[in-house]
Structures are given as structure tokens and as C-alpha cells.
Amino acid sequence: MSERVIPLVDQRPSGRAMPSALPAAPSLSSSRPPAMPLDALKRPLRDLRISVTDRCNFRCSYCMPKSVFDKDYQYLPQSALLSFEEISRTAKLFASLGVTKLRLTGGEPLLRKHIEVLIAMLAELRTPSGAPLDITLTTNGSLLAKKAAALKAAGLQRVTVSLDGLDDTVFRQMNDVDFPVRDVLAGIEAAQAVGLGPIKVNMVVKRGTNEHEIVPMARFFKGTGVVLRFIEYMDVGATNGWRMDEVLPSADVIARLQAHWPMVALDAAAPGETAQRWGYAKAGGGHDASAGEIGVISSVTQAFCGDCNRARLSTEGQIYLCLFATHGHDLRALLRAGASDEDIAGSISALWSGRTDRYSQLRAMQPPEASEPGARRVEMSYIGG
Ligand code: SAM
Ligand code: SF4
Ligand code: SF4
């Protein structure tokens, strides 16, 4: 992969070489954009999630538990990270293959120095039909109050903020660095004030840990324009000690909400959307748009691989075709070997064309009881959510 020192417990699987480009189809004009590939299950490529750092100032137990990500953990050296030029070139090539949406993530993306410079570069990109890309960012919110205005000015459209509860004691325990709820709420307010909306708030629900926060969170965000999304605790990575009995199925989340407010199922806003949408109902039925909506992301109990159109780019330039993949494909090697745009786009296209990943669907047929320490799936903090 690179000459970096391999830590004793390296959670980053080694990458594979990218496939070489398929022979180009004969075309009348050399300026024609490359064809947009479908994968082996006929899914298009629409969404690229870009991890800009493997570091984080939180230690959420379901993502970067302190026992593994301690003071001796060896993060990637600066030289291993993709530069902003490499990231924006990669995003441009992905856009030429059908990607219309970019999500910056991590680790904590706001820890990457001068992230707004990268956002401004990405905001210049266009789809083959000339439309700007949809650019969003997922953050723990800790630096958002400080950075919201600069992010907006650089061209960021929206943010998703993670917040696992309003109870300060519970939240401080879950982030495991004693970070207070009020500072995340200040970040959400600042993002709303500068127009980084509609804001989404992600709450990972762990049975027995923060399930009692479901209703207070819904009550707090109802009618504010913020879309709260409840995420089933996932068996991503190999370090969080995941257990099935700590997963609270989305159906239970909806049932708990329905005990307080009548809810109506809403149609998906876009194909490949990860969340199922639910709205608060009006007195006579139908959706009360002024009360807003919530989402549930049921990656454990209801697989949504069928229309998964997401690729992921790790901090060091590995392409992952699935959140649960055990290895990536080394795009950085191509970028740094001086490959042409055409060759790189061809390699990405060939890679996507061979994609068969559908981990959640397969898991639904044979659910794991606990995360297997030996299964070296990539960590969420490295690949991004
Ligand atoms: N640090 C940023 C944040 O927390 O928003 C961005 C990266 S984080 C890996 C992206 C999203 O993944 C967050 O909303 C987080 O709650 C979610 N996540 C992390 N580990 C998870 C797990 N085991 N199950 C479900 N969601 C998880
Ligand atoms: Fe950090 Fe986000 Fe992972 Fe929490 S979920 S440890 S904030 S990367
Ligand atoms: Fe997509 Fe993999 Fe998640 Fe299925 S398990 S929805 S293929 S990322």
C-alpha cells in the first residue's frame, strides 16, 4: 500500500490494484464523455462519499472505541492523504461517470485543515450536462458553530450533524470525550442561520444506551425544519464489539413515535436514498408538512442494497464499493503514477462494472450474532459513513 509504518492493530485492510480500463468503445467524437457504467447488479454510480481525514476528536464507542483508538494509534501520515487537487480530480472523474452527489466525511471532516478550500474546488465541478454537483458534509458538529459561515461561503449546500441524544450525561458518555450537547446544538443553529439546510441530524440508536432519547429528540426537532434520522447500530468495522441485541429495529423506533404522534409513510425523495421517510400526520390524515419529517436508516433489519449507488473514497485514496468491504482499490497509485484522466475514468468504470457487493442483503439471510474480530472489515472512521 505505502511505506507507512503498520501499527500493531491496523484496522485498514490493504488495497488491491485498480483494474485497467476496458478497451474504449469506438466513438465518433473523442470529446464525447465516457459512458456511465452500471454495476453487475445494474445499479448506476451516483453518490461519492469522500473521507478527508481518519482522525476524530470524539471516541464514539460504536465507531472509534478508546480501547483501539488510543494515544498509540497510528493515524495516516500527511503524505498518505490525498491532496485537495487529487480529491477534486477524482471527484471530477467520478462526475463524468454519473456521480451527482458528493458527501465529505471522515473521521471528523472539519478537522481537515482548510476544508473550505476543498469545498470551493468541488463547487466548481459540473456533471456532463453542466449541472453543479450536490455537495454535503457529515460532521459531529463540534466545530460547526465556528466554521458554518466559511463552509457556506465556499459552496457547501447542506450539512448532516450527528447527535445521539439530548441528555447531556448520555451524550457525553457516547462521544466518550465529555463533549456537551449544547455545543452541538449551537453548531446546528449556526448552520441553520447561514442557510446550510435542510439540516439532517443523525442519531445512532443503541438499545439500552440511548433508546429513551428517541422521543425527546423527535419532540425537540419537530417543526424546526431539521430532519432527524434514526440509524440502526451497524456491525461496521471490526472494533466496536457489535451485538445484535443492541440493535433497536427501525420498526420499533416508528412504533415508539406513533405512540406520541400519528405518522405517515412518505415516498422516497430520490432513488437509492438510504433513509425511509415518515411524516407527522395532520388531524384528518395526510402529511403535516409544517411539522416536518423523520427518517429511519434500517441497514441491519431492512437491507437497501438493491439500489445502492454509492462509492467511497478513503482518506488515502482507496476506492471502496461497499461500506462493509474488506478491501479497497488503490486509486492513489494511479493518480501518483501519472495516469491520464481517460485511463483513470476507464479504471473506475471497469471497477464499478464488476461490482456485485450487497452485504446487508446477504447478512439479512444469515444475520451475524456478533462482530467477528477476525473479519477485517474496514472501519467507518477510515472510510466515512
Ligand atoms: N465524524 C462525523 C460524524 O460523526 O458525523 C462523520 C463521520 S461518521 C463515521 C458518519 C456517520 O456514521 C455518523 O452519523 C455516525 O453516527 C455514523 N456511524 C458511525 N459508526 C456507526 C455504527 N456502528 N452504526 C451506525 N452508524 C454509525
Ligand atoms: Fe468520530 Fe463520527 Fe466516528 Fe463519532 S461517529 S467517532 S464523531 S468519526
Ligand atoms: Fe450499499 Fe454495501 Fe450498504 Fe448494501 S451493504 S447498501 S451494497 S454499502
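Coordinates for the structure precede this section.
The structure presented is a predicted model; accordingly, all values stated were derived computationally and were not measured.

Novice: Sorry, what's going on with the packing of aromatic side chains here?
Specialist: Describing an aromatic ring pair means giving the distance of the ring centres and the angle of the ring planes. Considering all chains together, one arrives at 7 aromatic pairs under this definition. Between Phe58 and Phe171, the ring centres sit 6.3 Å apart and the planes meet at 70 degrees, which makes this aromatic pair edge-to-face. With Phe58 in the loop between strand 2 (47-51) and helix 1 (84-96) and Phe171 in helix 4 (residues 168-175), this pair connects stretches of sequence that are 113 residues apart. Ring pairs connect the aromatic residues Phe58, Phe171 and Phe179, which therefore count as one cluster. Positioned above the aromatic ring of Tyr233, the side-chain terminus of Lys206 is 4.8 Å from the ring centre. In this structure, Lys222 packs its charged tip against the face of Tyr280, placed 5.2 Å from the ring centre.

Novice: Explain the nonpolar core here, please?
Specialist: General note: in soluble globular proteins, nonpolar side chains tend to be found buried as a group. Phe230 and Ile294 are the most contacted members of the largest nonpolar core, which has 111 residues in total. Not counting chain neighbours up to four residues away, the residues in contact with Phe230 comprise Met203, Val205, Ile214, Val253, Leu257, Ile294, Gly295, Val296 and Ile297.

Novice: Hey, could you run me through the site of ligand 3 in this one?
Specialist: Every one of the 13 residues lining ligand 3 counts as a neighbour, but Cys305, Cys308, Cys322, Leu323 and Ser360 are closest to it. Within the residue set of the shell around ligand 3, elements represented by two or more residues are strand 11 (310-313) and helix 10 (359-365). Class assignment for the residues of the shell around ligand 3 results in 7 nonpolar, 1 polar and 5 charged.

Novice: Looking at this model, I keep getting lost on unusual backbone geometry. Mind explaining?
Specialist: Outside of glycine, negative phi angles account for most residues, and trans bonds account for most peptide bonds. The omega angle of the peptide bond from Gly197 to Pro198 is 0 degrees, so this bond is cis rather than trans. One can find Pro198 in the loop between helix 5 (181-194) and strand 6 (200-205). At Lys42, a residue that is not glycine, the phi angle is positive and equals roughly 70 degrees. Looking at where Lys42 falls in the secondary structure, it is placed in the loop between strand 1 (16-17) and strand 2.

Novice: Would you take a moment to explain the site of ligand 1 for this structure?
Specialist: Within the structure, ligand 1 sits among 20 residues, and Tyr62, Gly107, Ser162, Met234 and Met380 are positioned closest to it. At 3.1 Å from a nitrogen atom of ligand 1 is found a main-chain nitrogen or oxygen belonging to Tyr62. At 3.2 Å, a backbone N or O of Thr139 approaches an oxygen atom of ligand 1. Burial of ligand 1 by the protein chains amounts to 95% of its free accessible area of 550 Å². Among the secondary structure elements, those contributing two or more residues to the shell around ligand 1 are strand 4 (134-139), strand 6 and strand 7 (227-232). Residues of the shell around ligand 1, tallied by class, amount to 8 nonpolar, 10 polar and 2 charged.

Calculation notes
- Residues numbered from 1 in each chain as written.
- Chains lettered and ligands numbered in written order.
- Predicted model: local features only at pLDDT ≥ 70, side-chain atom pairs only at ≥ 80, totals over all residues.
- Heavy atoms only, no water.
- Phe/Tyr/Trp six-rings, centres within 6.5 Å; stacked < 30°, edge-to-face > 60°.
- Helix = DSSP H or I, 4+ residues; strand = E, 2+ residues; numbered from the N terminus.
- Lys NZ or Arg CZ within 6 Å of the ring centre and 35° of its normal.
- Core = buried A, V, L, I, M, F, W, Y, C linked by side-chain atoms within 4.5 Å.
- Buried < 20%, exposed > 50% of the residue type's maximum accessible area, 1.4 Å probe, protein only.
- Contact = heavy atoms within 4.5 Å.
- Near = heavy atom within 4 Å.
- Nonpolar A, V, L, I, M, F, W, Y, C, P; charged D, E, K, R; others polar.
- Polar contact = N/O pair within 3.5 Å; in protein donor to acceptor, adjacent residues only side chain to side chain.
- Areas by Shrake-Rupley, 256 points an atom, 1.4 Å probe, with all protein chains shown as cover.

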